[in-house]
Amino acid sequence: SAVISQKPSRDICQRGTSLTIQCQVDSQVTMMFWYRQQPGQSLTLIATANQGSEATYESGFVIDKFPISRPNLTFSTLTVSNMSPEDSSIYLCSVEGLAGGPGELFFGEGSRLTVL
Amino acid sequence: GEDVEQSLFLSVREGDSSVINCTYTDSSSTYLYWYKQEPGAGLQLLTYIFSNMDMKQDQRLTVLLNKKDKHLSLRIADTQTGDSAIYFCARGGGSQGNLIFGKGTKLSVKP
């Protein structure tokens with residue numbers, strides 16, 4: 001399994017501002033994934049962060065709103081831009097298990113954002 | 001309806017068995033998963049089952065899969081207060097890293 005650290009663990013933000021969430025993994029991984037968990041909802045994949053190329057976004061998510069960086073194989077950032085109260089969620093970073101495994105994901109502890 | 005559905009709450013007494021149920025609509029996934037989320041913590045993979053299996057047992061956990069009915073269940077034997085958490089059912093979403101989750105079942109264990 002991988003150890004995944006996220007910062008900040010929580011924050012309260014003002015409407016219209018942007019916040020960058022950092023994710024650090026203790027081993028090199030090819031892909032990192034960003035999920036969102038809205039209150040009372042299931043987790044939804046935002047995008048896949050690939051090292052050396054642009055992130056791949058899922059339907060309903062766009063780069064202008066959620067820019068992602070992946071400068072190396074152990075680190076990624078997700079920015080939530082121009083925030084509104086609807087962006088209040090837990091944002092989770094994840095990586096896949098060992099190669100050849102059953103596709104399970106390991107998650108960080110999440111970053112809980114509250115937008116006022 | 002939702003792709004992966006679960007009941008939202010379950011309450012049991014300590015020492016009893018807990019059964020958390022999940023239904024899904026897309027049966028193409030190779031694996032189905034159960035995750036646990038304790039308060040203030042990230043998701044932890046509890047167990048998974050290969051789609052051509054009917055049952056998988058792992059200590060106090062038993063996973064049952066009924067492919068015909070698209071029904072997955074997680075049974076926790078001798079439930080303890082430490083098992084209080086939200087349990088998420090998930091299936092593979094067809095692309096790498098994409099899991100389709102249910103909304104989670106909050107398990108409360110009463111002493």
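Residues numbered from 1 in each chain as written. Chains lettered and ligands numbered in written order. Predicted model: local features only at pLDDT ≥ 70, side-chain atom pairs only at ≥ 80, totals over all residues. Heavy atoms only, no water.

Across the contact, 17 residues belong to chain B and 20 residues belong to chain A. Both faces combined, the contact of chain B with chain A buries some 1,600 Å², and carbon together with sulfur accounts for 56% of it. At the boundary of chain B and chain A, one finds 0 salt bridges. Of all the secondary structure elements, the ones that give two or more residues to the side of chain B that touches chain A are strand S4 (31-37), strand S5 (43-50) and strand S10 (99-101) of chain B. Counting residues per element, the side of chain B that touches chain A draws most heavily on S4 of chain B, at 4 residues. For the side of chain B that touches chain A, the residue count by class is 10 nonpolar, 6 polar and 1 charged. (Contact = heavy atoms within 4.5 Å. Buried area = accessible area lost by both parts, 1.4 Å probe. Salt bridge = Lys/Arg side-chain N within 4 Å of Asp/Glu carboxyl O. Helix = DSSP H or I, 4+ residues; strand = E, 2+ residues; numbered from the N terminus. Nonpolar A, V, L, I, M, F, W, Y, C, P; charged D, E, K, R; others polar.)

On to the side chain of Thr 48 of chain A. Structurally, Thr 48 of chain A can be placed in strand S5 (residues 43-50). Leave out the neighbours within four places in its chain, and Thr 48 of chain A touches Met 31, Met 32, Phe 33, Ala 55 and Thr 56 of chain A together with Gln 96 of chain B.

All names here are of chain A. In space, the 4 strands of this open sheet follow the order S1-S3-S8-S7, with antiparallel pairing throughout. Either end of the sheet is taken by a strand with one partner, and the two such strands are strand S1 (4-7) and strand S7 (68-72). Taken over all neighbouring pairs, the strand axes of this sheet differ in orientation by 15 degrees on average, direction set aside. Taken together, the 3 bridges between S7 and strand S8 (residues 75-80) define a ladder with antiparallel strand orientation. Looking at the pairing, Ile 68 lines up with Leu 78 of S8. (Pairing = 2+ DSSP bridges. Axes fitted to C-alpha atoms, helices over the stretch in contact; angles between N-to-C directions.)

Below, the discussion takes up the layout of surface pockets. One simple way to see leftover space: roll a probe sized like a water molecule over the atoms. Put simply, the largest pocket is a space of about 690 Å³. Residue lining of the largest pocket: 35 residues in total, with Gln 37, Ile 90 and Arg 112 of chain A together with Gln 37 and Ile 86 of chain B positioned closest to the centre. Elements with a contribution of two residues or more to the lining of the largest pocket: S1, strand S9 (89-96) and strand S11 (111-115) of chain A together with strand S9 (85-92) and strand S11 (105-110) of chain B. The element contributing the most residues to the lining of the largest pocket is S11 of chain A, with 4 residues. (1 Å grid on protein atoms, 1.4 Å probe; cavity = no way out; pocket = protein on both sides within 12 Å on 5 of 7 lines; lining within 4 Å. Points joined across faces, edges and corners; volume = space filled by probe spheres on them.)

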